[in-house]
Amino acid sequence: MSETTTAAELLPVGSDDYSRAALFLYREAQLLDDARFEDWLETLHDELVYEMPVRQSVMPKDGTGFVDGMTFLTETRNSLLTRVRRLQTEQAWAEQPGSRTRHLVANVLVERGAAEGELNVTSAFLVTRTRADLPYDFFSGERRDVLARDGERLLLKRRQILFDQTVMKSYNLSIFL
Amino acid sequence: MEPTVPFASLEPGSCVVHQIGAAKVLIARIGDTVHATSAICTHARVELAAGPLAPGCLVECPMHGALFSPVDGSVHEGPAVTALKTYPARVVDGVVHVDVGEDGAARPATPSPSTPGARPSLASWGRPAR
Amino acid sequence: MAVNPAGLLDLSLADGVELTQLIDEPGAHISRRIYGNDEIFELEQDRIFRRAWNFLGHVSELPNPGDYVTRDLAGEPVVLIRGDDGEIRAFLNSCRHRGMRVCRADRDNVSYMRCVYHGWSYSRSGDLVTAFAEELYDPGRLRKEELGLIPVTQVAIYRGVIFGTWDAEAPPLEEYLGDMRFYLDLFLGRTDGGTEVVGAPQVWDVSTDWKFCADNFTGDNFHLYTAHGSVVDLGMLPPDPMSLSYGYLVRAQGGHVLHLVPGPPDPSFEYFGLPRDLVPQFERNLDSVQLGLLKDHAWSVGTVFPNLSFMQVMVQGDIGGPNVTFLSLRAWMPTSATTTRVFSYLLLDRDAPEQFRRDSYEAYVRTFGPSGIFEQDDMENWEDCTRVNKGKIAQRHGLHHGMGLHLEPDPSFPGPGQAWPGSYGERTQLSFYGEWLKWMTHERPWAS
């Protein structure tokens, strides 16, 4: 979805494709919060591009501050598979004991994508994390996703995570956003 | 016309500030031509700074960033709204001459804000109250 | 700072314990009291960070006149700005009128540094150009030539890295770095064009005493097979826990330390796995000893005292992916006794080929930084150590730093400084803490 998307191009709430996209996001949130990472991997497209650019605090004339060329995450399906496999070892200390997360997804907007069967989906997210007796960490931002149809199901083909913080106020990012 | 600075001392695309009597004059060189305007920003009455011109051959006020054309004094970007006054300028025998007219004469002191009972002019306020 | 005749600063902490009791370098014990302690933090700010040469940035962050970046130096805001003359200057980021920051973005390009409070404006060289309503000051009151931004006392650049110190007495940067320059050149001075920052630093806040980060980056290689056991389990580090134990621990000078670790005897591990196309440049820019060390090693991590670390390591970014090297700079900025702001940069040789740039970037982001499959576990350790070591019972017992102390420096090692054989050991950590104590207790720590 781009700045030029008009309201008329947005799929109506409750339309078939809107509901499928929203359902995808809600189910994904549940898989992540339940630490069902193996099932989550099944929702990722083979050609997935998954990025979370670093952001800086800049004047409005310089735009939103997302840095060209540096990210907190620059992932493919295989690198996310690596992260999941890491969590499945018995020495992934940052997640052993594990984080307890809550992925809240809202403000879902859907339009038809560039290719047949693809949907461009933007949404706002708020992810809370607590772990052991530590206070909550909050991760908030916007996701810009491309969902691709694969038979009867949708797969995540592209995700851009537009994070709200410039200095990450969390000691690590050992969870998925 | 009063002599000011040697033309050769002015880099193309730069300006200097010169005092002629009571007047502060900004002298800018663009290519091989010289232009003269008041050197006092019409917004916060700050003296404009000598040095290279801003992109687009403009003069940028150091304080709030107003951009003026040194050619006709016009405002290209706020917060100023009033153009800089321009003065005739030309090079005579390698020296930039500027005519500031009556502005060079010592003027009666404008009412200072610290004069007891002084009030701003309606013009400086910009608009009457409704 | 109060100084006694022997050139020692006041050694006593509030409860009468002396600083010299906290670090036992020969006995290899470090008191837990040095971590997470407010009194120590204030002393460190005074005696280390306001005196030492601190990392400020990299020249490639400021390519054009008027470019600025904002940073901290010893806990106070500074701005680095490139002037119209091309010089990079650094100033306390604070208007001389009320103290407001004059540059408030992380980066920008400005014609003037303008205070948004009352309009005082400073040139790109830090001079006060104009104050508001100057005609309302009596003549001579507003001496603008004395009211420029307060410059960082000394600023200097080494191989593109910008350093600053608040101490007029500090020796020149090159002298401060001393023999460490020889080793820094392996990473920062090996190619014709030098290095550049990729994008911008990743920045994040960690609830740790900064010393745990620096300690870890003095060349602690033996935490790999425990702290990063998950990566071993994935087959992304060699299975034998001693496979990364070879090479040297090097104390270049003072507290500037590093390790140099060789890969197995295979050409793919030569020159740290850097692109072969760059080897002619290495040959041009390094002397024969440096070139030999670059060729023979694959991993190096080190720290420039007090809080600038670097790493050039070969890693796999994902299962089955290529083993790729990256160069990262780290500044561990203490923000309190128990919190540290981490600045992590990826550097690339300007002349590196395009495919390598992409591979190196992916390897770096996937393994280090807050999401890195290595580094996310490091913060787990640093935060826990900081919390636990605050305990009064815990503090009755020192921390053990004794590995490899029986080894003598290898006289045949060709580089400057002292080099102990084998990269598993605690010589470099002890050197770091010994230097820390020297700075905490000596009037002129850089002397001797």
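Computed from a prediction, not measured in an experiment: that's the story for all the values here.

Caption draft 1: A look at the overall build of chain A. The helix and strand inventory of chain A stands at three helices and six strands. For chain A, the N- to C-terminal ordering of α and β elements is α-α-β-β-α-β-β-β-β. The C-alpha radius of gyration computed for chain A amounts to 17 Å, which stays within 12% of the reference 16 Å derived for 177 residues, consistent with globular compactness. If you line up chain A on its principal axes, its C-alpha atoms span 50 × 45 × 25 Å.

Caption draft 2: How the structure looks around the nonpolar core. Core analysis: the largest hydrophobic core is formed by 173 residues, its most contacted members being Y183 and W436 of chain C. No other element matches the eight residues that helix α1 (residues 16–33) of chain A contributes to this core. Split by domain, this core shows at least three residues from each of two domains, domain 1 (55–158) and domain 2 (178–441) of chain C. If we ignore the near neighbours within four places in the chain, the residues touching Y183 of chain C are V250, A252, L258, L260, L293, F413, G415 and P416 of chain C.

Caption draft 3: How the structure looks around the environment of G372 of chain C. Residues and elements named next belong to chain C. Considering the arrangement of structural elements, one finds G372 in the loop between α9 (354–367) and α10 (375–388). Since its relative accessible area comes to 0%, G372 is described here as buried. For the pair formed by G372 and G317, sequence separation is 55 residues and the distance between their alpha carbons is 9.0 Å. Apart from the residues within four sequence positions on either side, G372 is in contact with V365, R366 and T367.

Caption draft 4: Layout of the domain arrangement of chain C. Residues and elements named next belong to chain C. Per the domain assignment, the segments of chain C are domain 1 (55–158) and domain 2 (178–441). On a C-alpha basis, the centres of domain 1 and domain 2 stand 34 Å from each other. Listed by partner, the interface residues are eight residues for domain 1 and 15 residues for domain 2. Interface area, domain 1 with domain 2, both sides summed: about 1000 Å², of which 67% is carbon and sulfur.

Caption draft 5: Spotlight on the packing of aromatic side chains. Residue and element names in this part refer to chain A. Enumeration over the complete set of coordinates arrives at 26 aromatic pairs over all chains. Arranged with centres 6.1 Å apart and planes meeting at 25°, the rings of Y136 and F138 form a pair that is stacked. Exposure remark for Y136: the relative accessible area of 54% places this residue in the exposed category. One residue, R129, lies across the ring of Y171, its end atom 4.7 Å from the ring centre.

Caption draft 6: Layout of the side chain of D145 of chain A. Residues and elements named next belong to chain A. By the element assignment, D145 lies in strand β5 (residues 137–150). Relative accessible area serves as the criterion here: at 3%, D145 is assigned to the buried category. In terms of polar contacts, D145 uses its side chain to reach the side chain of R159, at 2.8 Å. With residues near it in sequence (within four places) discarded, D145 still touches L25, L119, N120, V121, L156, R158, R159 and Q160.

Caption draft 7: The interface of chain B and chain C, seen in detail. On the chain C side, the residues contacting the eleven residues of chain B number eleven residues. Together chain B and chain C conceal approximately 890 Å² of surface at their shared face, both sides included; 56% is due to carbon and sulfur atoms. When the buried surface of chain B facing chain C is broken down by residue, E60, P62 and M63 of chain B rank first, second and third, together holding 57% of it. Two residues, R114 of chain C and E60 of chain B, come together in a salt bridge whose shortest N-O distance is 2.7 Å. For the pair chain B and chain C, the number of links is seven residue pairs in polar contact (both at pLDDT 80 or more). Split by residue class, the side of chain B that touches chain C holds seven nonpolar, two polar and two charged.

Caption draft 8: Structural view of the interface of chain C and chain A. Listed per partner, the contact involves 42 residues of chain C and 42 residues of chain A. Overall, the association of chain C and chain A removes approximately 3600 Å² of surface from exposure, summing both partners, and the carbon and sulfur fraction of that is 52%. In this assembly, chain C and chain A are joined by four salt bridges. Note that K61 of chain A is salt-bridged to D108 of chain C, the shortest N-O span being 2.5 Å. When grouped by side-chain class, the residues that make up the side of chain C that touches chain A number 19 nonpolar, eight polar and 15 charged.

Caption draft 9: A look at the pattern of salt bridges. All names here are of chain A. Taken as a whole and judged by the stated rule, the model has 54 salt bridges over all chains. With a shortest N-O distance of 3.0 Å, E142 and R144 are connected by a salt bridge. Given a relative accessible area of 26%, R144 falls into the partly exposed group. When salt bridges that share partners are traced, they join E28, R143, D145 and R159 into one network.

Caption draft 10: Spotlight on the sheet that holds strand β12 (residues 161–165) of chain C. All names here are of chain C. Across the sheet, which stays open at both edges, the three strands sit in the order β3-β12-β11 with antiparallel pairing between neighbours. Either end of the sheet is taken by a strand with one partner, and the two such strands are β3 (54–58) and β11 (154–158). Direction aside, the axes of adjacent strands within the sheet are offset by 30° on average. Relative to β12, β11 runs antiparallel, the two being bridged by five bridges. Counterpart to I157 in the pairing with β12 is I162.

Caption draft 11: Spatial organisation of the sheet that holds strand β10 (residues 89–92) of chain B. Residue and element names in this part refer to chain B. The strand order across the open sheet formed by three strands is β1-β11-β10, and the pairing between neighbours is antiparallel. A single partner strand is all that each edge strand has here, and the edge strands are β1 (2–6) and β10. Recorded for the sheet is a direction-independent mean angle of 35° between the axes of neighbouring strands. Sheet topology places β10 next to strand β11 (residues 95–98); four bridges connect them, and they run antiparallel. From the neighbouring strand, V92 faces β11, where its bridge partner is V95.

Caption draft 12: Spatial organisation of the UniProt feature "domain: Rieske" (unreviewed entry) in chain C. When the UniProt feature table is mapped onto this chain numbering, "domain: Rieske" (unreviewed entry) sits at residues 53–164 of chain C. The straight-line gap between the two end C-alpha atoms of residues 53–164 of chain C is 5 Å; of that span, 0% is helix and 38% is strand.

Caption draft 13: Expanded view of the pairing of strand β5 (residues 76–82) of chain C. All names here are of chain C. With five of its seven residues buried, β5 lies for the most part within the structure. One ladder, built from six bridges, connects strand β4 (residues 67–73) with β5; its direction is antiparallel. What sits directly across from Y68, in β5, is I81. As consecutive antiparallel partners, β4 and β5 are separated by two residues, and within that stretch A74 has a phi angle of approximately 55°, a positive value. Relative to strand β6 (residues 88–92), β5 runs antiparallel, the two being bridged by five bridges. Note that in β6 the partner of R82 across the bridge is I88. Taking the residues between adjacent antiparallel strands as the criterion, β5 and β6 are bridged by five residues, where G86 takes a positive phi near 85°.

Caption draft 14: Representation of the arrangement of the chains in the model. By contact count, the leading pair among the two pairs of chains in contact is chains A and C. Contact between chain A and chain B is absent, and the minimum C-alpha spacing across the pair is 14 Å.

About the thresholds
Residue positions are counted from 1 within each chain, in the order its sequence is given. Starting at A for chains and at 1 for ligands, labels are handed out in the order in which the entities are written. Totals for whole chains, interfaces and linings use all residues, but because this is a predicted model, local features are given only for residues with pLDDT of at least 70 and pairs of side-chain atoms are given and counted only at 80 or more. Hydrogens are left out, water is left out, and the side-chain values use all remaining heavy atoms of the structure. Secondary structure elements are defined from DSSP: runs of H or I of at least 4 residues count as helices, runs of E of at least 2 residues count as strands, and each element is numbered from the N terminus. The size measure is the radius of gyration over C-alpha atoms, and the globule rule it meets is 2.2 Å times the number of residues to the 0.38 power. Residues belong to one nonpolar core when they are buried, are Ala, Val, Leu, Ile, Met, Phe, Trp, Tyr or Cys, and are joined through side-chain atoms within 4.5 Å. Burial classes follow relative accessibility: with a 1.4 Å probe on protein chains only, a residue under 20% of its type's maximum area counts as buried, one over 50% as exposed, and anything between as partly exposed. Domain start and end points were adopted from an automatic or database domain assignment. When checking whether two residues touch, look at their non-hydrogen atoms; a contact exists if any pair is within 4.5 Å. Buried surface area refers to the total accessible area, computed with a probe of radius 1.4 Å, that the two partners give up upon joining, counted for both partners together. Aromatic pairing here means that ring centres of Phe, Tyr or Trp (its six-membered ring) are within 6.5 Å. Orientation follows from the plane angle: under 30 degrees is stacked, over 60 is edge-to-face, and everything else is tilted. For a Lys NZ or an Arg CZ to count as sitting over a ring, it must be within 6 Å of the ring centre and within 35 degrees of the ring normal. N or O atoms within 3.5 Å of each other form a polar contact, as long as, within protein, one can give a hydrogen and the other can take it, and as long as residues adjacent in sequence are counted only when both atoms are side-chain atoms. By definition here, a salt bridge exists when the distance from a side-chain nitrogen of Lys or Arg to a carboxyl oxygen of Asp or Glu is within 4 Å. Only Asp, Glu, Lys and Arg are considered charged, only Ala, Val, Leu, Ile, Met, Phe, Trp, Tyr, Cys and Pro nonpolar, and every remaining residue, Gly among them, polar. Paired strands, as defined in this entry, are two strands with at least two bridges between them according to DSSP. The convention used is that axes are lines fitted to C-alpha atoms, helices contributing only their stretch in contact, and that angles between N-to-C directions extend from 0 to 180 degrees. UniProt positions are given in the numbering used here, feature names are shortened, and annotations may be inferred rather than shown by experiment.

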